[in-house]
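Now for the letters of each chain:
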2 protein chains.
Amino acid sequence: MTERMLPAGLAARLARYLQVLMQARKDGRATISSQALGEHSAINSTQVRRDLSGLGRFGKRGVGYDVEDLTGHIPEILGIRGQNNIALLGAGNLGTAIAGSGIFDGTWFQIAAIFDADPARIGQRIGELEVQRLSDVARIVTERNIIAGALAVPATAAQGAADVLIDAGVVILINYSEALVQVPPGVMVQPVSPAGGLFYNLYLLGSAFSLRSSNSQ
Amino acid sequence: MTERMLPAGLAARLARYLQVLMQARKDGRATISSQALGEHSAINSTQVRRDLSGLGRFGKRGVGYDVEDLTGHIPEILGIRGQNNIALLGAGNLGTAIAGSGIFDGTWFQIAAIFDADPARIGQRIGELEVQRLSDVARIVTERNIIAGALAVPATAAQGAADVLIDAGVVILINYSEALVQVPPGVMVQPVSPAGGLFYNLYLLGSAFSLRSSNSQ
């Protein structure tokens, strides 16, 4: 199976399993059940078993899948490799939290530069990086081979920040703002927001409540 | 069509359309195309058109869907209503950013209390709320009718924070940490993390690169 022959749905699900597996490995877990893998990736466990058996990975009944094995195998299948650099735009509370969270530790991503529009923040250090001027984005994105940008800015500033990054050559945007950022073809946006999921949770809560109400009649 | 009769997949997609539509409304957009709605919710536009025509909502060719109409209609279908209170655990950079972001403005959620384990932060004000002691979670969750908790704590503290909230009666957790939080049946977890999506983006990048490479041979 080569990288570009995966059905899109399968590739997206494998990416989500991988996120869970990497965290399970950080937590020191040797095995994980299809049910746990499904719950943490919001994919049903039947689909998990079908996907993984399609890769020739068969969990052991009552034991589950080998975390180390899958954590090594899925990146190969997805063709994920190397070290991919991120520019973080926004050095306020959110940017500082992202830079300090270790969220990208052990992934194929790392924050390689931090920028802010506020002159008062230029030169401040966040971890090992110094906050830089927005006017230096183009130069630094090229110099440091940055392919992704994280938007840790207010919604009203998000499109402008996105445009600056895209002009500089960034092809993946991680959008921590609520804004609906417009991008040209070839640029991918990864929204990071709980709202859609929460609306679904409210629906589920309401359904459970309706069912309880109708059962008790 | 009643609330509890929606197929799970459809309900989840409607929740994601709703998130996009609400942001489009904030941005002052009167209409939105199935393509834009699909791009911002990561659902393909054919599926968007099928879902919305199933609700009797037909976009006008070349104009799109009426944002105001759908923003009113989808919550009715999902049975979303009322004001749902969130307890935010963690008043560090991330918690402060979440509390100040206005991310829940105009949704059916609001942050109704903020807690921290650090004595130095107790009594500090973030917006209109005062940071409270963890030992007060149970009392305040009951008093303020809080149903959801947001985990803005380090991964190592996430399970403990989740347990405190669940014991207090919270049924939805918004997990901003990377931790794989374990919850009992009936409690829903909404992870907020870009990693799985980013792995998929890397796969897509790699595939595009492979295709370009093989095309140029």
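See the structure above.
Conventions used here
- Residues numbered from 1 in each chain as written.
- Chains lettered and ligands numbered in written order.
- Predicted model: local features only at pLDDT ≥ 70, side-chain atom pairs only at ≥ 80, totals over all residues.
- Heavy atoms only, no water.
- Least-squares fit on C-alpha atoms with pLDDT ≥ 70 in both.
- Contact = heavy atoms within 4.5 Å.
- Salt bridge = Lys/Arg side-chain N within 4 Å of Asp/Glu carboxyl O.
- Polar contact = N/O pair within 3.5 Å; in protein donor to acceptor, adjacent residues only side chain to side chain.
- Helix = DSSP H or I, 4+ residues; strand = E, 2+ residues; numbered from the N terminus.
- Nonpolar A, V, L, I, M, F, W, Y, C, P; charged D, E, K, R; others polar.
- Core = buried A, V, L, I, M, F, W, Y, C linked by side-chain atoms within 4.5 Å.
- Buried < 20%, exposed > 50% of the residue type's maximum accessible area, 1.4 Å probe, protein only.

**Student:** Give a detailed account of the relation of the copies chain A and chain B, specifying residues and quantitative values.
**Tutor:** When chain A is fitted to chain B, the residual RMSD is 0.0 Å, and the transformation amounts to a turn of 180° plus an axial shift of 0.0 Å. The two molecules are tied by a two-fold rotation axis, judged by turn and shift. Measuring from the rotation axis to each C-alpha of chain A, the shortest distance belongs to Asn93(A), at 2.3 Å.

**Student:** Lay out the interface of chain A and chain B with the relevant residues and their values.
**Tutor:** Listed by partner, the interface residues are 61 residues for chain A and 60 residues for chain B. On inspection of chain A and its partner chain B, the count reaches zero salt bridges. Where chain A touches chain B, the interface holds eight residue pairs in polar contact (both at pLDDT 80 or more). Within the residue set of the side of chain A that touches chain B, elements represented by two or more residues are helix H1 (8–26), helix H5 (93–100), strand E8 (172–175), strand E9 (188–191) and helix H8 (195–215) of chain A. With 16 residues, the single largest contributor to the side of chain A that touches chain B is H8(A). Partitioning the side of chain A that touches chain B into residue classes produces 38 nonpolar, 17 polar and six charged.

**Student:** Go over the nonpolar core, please, and point to the residues and values.
**Tutor:** Among the nonpolar cores identified, the biggest contains 107 residues, and Leu14(A), Phe104(A), Leu14(B) and Phe104(B) are the most heavily contacted of them. Excluding anything up to four places from it in sequence, Phe104(B) contacts Leu198(A), Ile86(B), Ile98(B), Phe109(B), Ile111(B), Ile174(B) and Tyr176(B).

**Student:** Tell me about the side chain of Asn85(A), and please be specific about residues and values.
**Tutor:** All names here are of chain A. Take Asn85: it is sitting in strand E3 (residues 84–89). Polar side-chain contacts of Asn85 include one of 2.7 Å to the backbone oxygen of Arg144. Once residues within four sequence positions are removed from consideration, Asn85 is found in contact with Gln110, Ala112, Arg144, Asn145, Ile146, Ile147 and Ala148.

**Student:** Account for unusual backbone geometry, naming residues and giving values.
**Tutor:** Residues and elements named next belong to chain A. The phi dihedral of Ala42 falls on the positive side, at around 55°, and the residue is not glycine. The topology assignment puts Ala42 in the loop between helix H2 (34–41) and helix H3 (45–54). Overall, Ala42 belongs to the exposed group, its relative accessible area being 64%.

**Student:** Explain H2(A) to me, using residue names and the numbers behind them.
**Tutor:** Given 3.6 residues per helical turn, the α-helix brings residues three or four places apart onto the same face. All names here are of chain A. The buried fraction of H2 amounts to six of the eight residues, a majority that puts the element mostly inside the structure. The elements touched by buried residues of H2 are H1, strand E1 (31–32), H3 and strand E2 (65–66). Within two residues after H2, Ala42 carries a phi angle of roughly 55°, on the positive side.

Bear in mind that shape data such as this cannot, by itself, settle questions of function.
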